[in-house]
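# Per-entry structural report
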Amino acid sequence: VLWSLARNESIAPEIQQLFFTEPHEVGYAVLCNLAGNPSITLETQRLFFTEDYEWKKQALKNLALNESIAPDTQLLFFTEQYKDKDKVLWNLTGNWKFLRNFTTAQWLQFKNAARGEMRLLVLSKRLEKIVGVP
């Protein structure tokens, strides 16, 4: 039931947040389904970073691939500390909406937060936007 509920696109924001009250009982597949839900709210997206729970790396990987994650959440992938950050960031770059529809101010935040190869990817996304690559 929880597995299906986490995938339900009409799930209420209040219910989304309840998955983090007892995450050890919710389980891996349920949080991963919630992370991939296109109707996930910004508040719930933030909980994936701020709460401590089992299977965090896999849930963050699924969240990174979610095409409806907000620019603020995309920035959290760079600024927050979590296990296997590089692997999770690669999932984020596989999201075709990564750094799409973002403001110049948001781009500057990404540029300042990104390091190494990720910084090059952020800069290339900005270049794509400037030259008008879809």
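The structure displayed is predicted, hence computed values, not measured ones.

## Re the packing of helix H7 (residues 71-79) against helix H8 (residues 85-93)
Across the interface, H7 lies against H8 with an axial gap of 9 Å and an inter-helix angle of 150°. Classified by the angle between their axes, H7 and H8 sit roughly antiparallel to one another. In terms of crossing hand, the pair formed by H7 and H8 is left-handed. Between H7 and H8, the residues in contact are Gln 74, Phe 77, Phe 78 and Thr 79 and Lys 85, Val 88, Leu 89 and Leu 92, respectively. Split into classes, the residues belonging to the contact of H7 with H8 amount to 5 nonpolar, 2 polar and 1 charged.

## Quick look at the nonpolar core
Phe 48, Leu 60, Leu 63, Phe 77 and Phe 78 are the most contacted members of the largest nonpolar core, which totals 35 residues. Contributions of two or more residues to this core are made by helix H4 (28-36), helix H5 (42-50), helix H6 (56-65), H7, H8, helix H9 (104-113) and helix H10 (116-131). What Leu 60 contacts, discounting residues up to four positions off in sequence, is Phe 48, Phe 49, Tyr 53, Phe 77, Tyr 82 and Val 88.

## A word on the confidence of the model for the protein
Low-confidence regions, as indicated by low pLDDT, have predicted coordinates that should not be scrutinised in detail. A residue-level look at the protein finds 96% of positions with pLDDT of 70 or above and a mean pLDDT of 87. For the protein, helix H3 (residues 23-26) is the element with the lowest average pLDDT, namely 65, and H5 is the one with the highest, namely 95.

Thresholds, definitions, all that
Residues numbered from 1 in each chain as written. Predicted model: local features only at pLDDT ≥ 70, side-chain atom pairs only at ≥ 80, totals over all residues. Heavy atoms only, no water. Axes fitted to C-alpha atoms, helices over the stretch in contact; angles between N-to-C directions. Helix = DSSP H or I, 4+ residues; strand = E, 2+ residues; numbered from the N terminus. Parallel < 35°, antiparallel > 145°, perpendicular 65-115°, else oblique. Left-handed = near helix turned anticlockwise from the far one by under 90°. Contact = heavy atoms within 4.5 Å. Nonpolar A, V, L, I, M, F, W, Y, C, P; charged D, E, K, R; others polar. Core = buried A, V, L, I, M, F, W, Y, C linked by side-chain atoms within 4.5 Å. Buried < 20%, exposed > 50% of the residue type's maximum accessible area, 1.4 Å probe, protein only. pLDDT = per-residue confidence, 0-100.

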